[in-house]
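For reference, the chains in residue letters:
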Amino acid sequence: MTTTPSDPAAELPGRPPIVDLATWQAARDELLVREKAHTREGDAIAAARRRLPMVEFDGKVEVVGPDGPVPFLDLFQGRDELVVYKHMWHDGAPPQGQCEGCTTTAWSMKDAVYLNARGVSFAILTTGSWDEVASFVEFMGYTQPWYSVRDVAGPAGGQMGYITCFLRDGDRVFLTYSTTGRGNERVNGSLGLLDMTPYGRREGWEDNPEGWPAAAEAGSPVGGHGAPICWYWRSDADGNATWGPTSRPVPQWTRPGATPVETLGRHGRHH
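Basis of the calculations
- Residues numbered from 1 in each chain as written.
- Predicted model: local features only at pLDDT ≥ 70, side-chain atom pairs only at ≥ 80, totals over all residues.
- Heavy atoms only, no water.
- Helix = DSSP H or I, 4+ residues; strand = E, 2+ residues; numbered from the N terminus.
- Buried < 20%, exposed > 50% of the residue type's maximum accessible area, 1.4 Å probe, protein only.
- Contact = heavy atoms within 4.5 Å.
- Areas by Shrake-Rupley, 256 points an atom, 1.4 Å probe, with all protein chains shown as cover.
- Core = buried A, V, L, I, M, F, W, Y, C linked by side-chain atoms within 4.5 Å.
- Lys, Arg positive; Asp, Glu negative; His and termini not counted.
- Salt bridge = Lys/Arg side-chain N within 4 Å of Asp/Glu carboxyl O.
- Pairing = 2+ DSSP bridges.
- pLDDT = per-residue confidence, 0-100.
- Disulfide = S-S within 2.5 Å.

Colleague: Would you mind going over the overall build of the protein chain with me for this structure?
Modeller: Assigned secondary structure in the protein chain consists of seven helices and ten strands. Here the protein chain holds 271 residues, and the buried ones make up 40% of them. Contacts in the protein chain between residues far apart in sequence, at least 24 positions, make up 56% of those at least 6 positions apart. Of the roughly 15300 Å² that the protein chain leaves accessible, carbon and sulfur atoms contribute 56%.

Colleague: Would you take a moment to explain the nonpolar core for this structure?
Modeller: In a soluble, globular protein the nonpolar side chains are often hidden away together inside. Judged by nonpolar contacts, the single largest core of 22 residues is most densely connected at Val83, Phe122, Phe136, Met140, Tyr142 and Trp146. Those elements that place two or more of their residues in this core are β4 (81–87), α2 (100–108), β5 (120–126), α4 (130–140) and β7 (162–169). For this core, the element with the highest residue contribution is α4, accounting for five residues. In this view, tyrosine 142 contacts Thr103, Ala106, Trp107, Phe136 and Val137; residues no more than four positions away in its chain are not counted.

Colleague: Explain the side chain of glutamate 132 here, please?
Modeller: Within the secondary structure, glutamate 132 is located in helix α4. Of the side chains with opposite charge, arginine 150 comes closest to the buried, unpaired glutamate 132, at an N-O distance of 6.4 Å. Each residue touching glutamate 132, except ones within four places of it in the same chain, is listed here: Trp89, His90, Asp91 and Gly92.

Colleague: Would you take a moment to explain the pairing of β5 for this structure?
Modeller: Successive side chains on a regular strand alternate, one facing one side of the sheet and the next facing the other. Across the seven residues of β5, seven count as buried, placing the element largely inside the fold. Burial along β5 is two-sided: Val120, Phe122, Ile124 and Thr126 facing one way and Ser121, Ala123 and Leu125 facing the other are all buried. One ladder, built from seven bridges, connects β4 with β5; its direction is parallel. Opposite histidine 87, over in β5, you have threonine 126 as the bridge partner.

Colleague: Looking at this structure, how should I read the confidence of the model for the protein chain?
Modeller: Any residue range with low pLDDT should be treated as having predicted coordinates unsuitable for detailed reading. The predicted model of the protein chain has a mean per-residue pLDDT of 84, with 80% of residues at 70 or higher. Scored below 50 in pLDDT, residues 221–228 shows 26 contacts in the model against residues more than four places distant or in partner chains. Predicted confidence for residues 261–271 stays below pLDDT 50, and this span has 30 contacts to residues more than four positions away or in other chains.

Colleague: Teacher, can you tell me more about the pattern of salt bridges here?
Modeller: Opposite charge on two side chains lets them pair, provided their charged atoms get close. Applying the stated criterion to the full structure yields six salt bridges. Measuring nitrogen to oxygen at the nearest pair gives 2.7 Å for the salt bridge that ties glutamate 56 to arginine 172. Of this pair, glutamate 56 sits in strand β1 (residues 55–57) while arginine 172 is found in strand β8 (residues 172–180), placing the two residues 116 residues apart along the sequence. Between aspartate 91 and arginine 150 there is a salt bridge, with its nearest N and O atoms 2.9 Å apart. Of this pair, aspartate 91 sits in the loop between β4 and α2 while arginine 150 is found in the loop between β6 (146–148) and β7, placing the two residues 59 residues apart along the sequence. Look at aspartate 91 and you get partly exposed, because its relative accessible area is 44%.

Colleague: Is there a simple way to explain the pairing of strand β3 (residues 68–71) in this structure?
Modeller: When strand β2 (residues 62–65) meets β3, the two strands line up antiparallel, connected through four bridges. When the sheet's bridge partners are listed, valine 63 is paired in β3 with valine 70. As consecutive antiparallel partners, β2 and β3 are separated by two residues.

Colleague: Would you mind going over the state of the cysteines with me for this structure?
Modeller: Where two cysteines share a covalent bond between their sulfur atoms, that bond is called a disulfide. All told, the structure shown has zero disulfides when counted by the stated rule. Cysteine 102 carries a free sulfur, and the closest cysteine sulfur to it, the one in cysteine 99, is 3.6 Å from it.

Here's what the structure looks like:
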């Protein structure tokens, strides 16, 4: 028997309803009206963001990088604008013990060449001591500049887990914008792409149709239905979700040659 899109027998449980192309296009066009309104509102918010006041602070305050202490001004690399991601840090923890969300965010920003071409520099700041930070950066293979802002007050240092923007005028430095939480999603384009898929991010807060795959379940394998959420995922070398001593945020497994033994051996203990 041949089924048609309107035949209930053609419906697939836990998946969108099956329709003909014209019906799909009509539904898509209806959603597009809302998407365009959302885009225009985003443009208006960005315009308001550009009109925020700014706060001057001492650009000569020192942060620590691979060449030792340097003034915060050096992070601009001669450009007028600077975006930093403030990476949370757990003292004494091995690579797999560092923040999952921050690891994912930093891993998503591997190349700032387009920002640089637009006159914007990019750096990652964290409160870890430089010897620990340098070890982590080497392990992860990060190419973006990292600096320790340990004991440095805000806005150069301060609370971590933020995207923060700065502007300079000669030797004068100004804080212009800062965001945290879901504001940090701008760095990770994968989240936006997941939002376009039928199953989305599979996070517990999402509004999904009845019968959709369940959100995160402890012990689920990475990938597939019921997998741990995309933002805070950890696995062992076999892809099994775990918080054990051989686990780490999934991006760390993509580093060539990464092994559980190497991860633990570098610091001698797990967190």
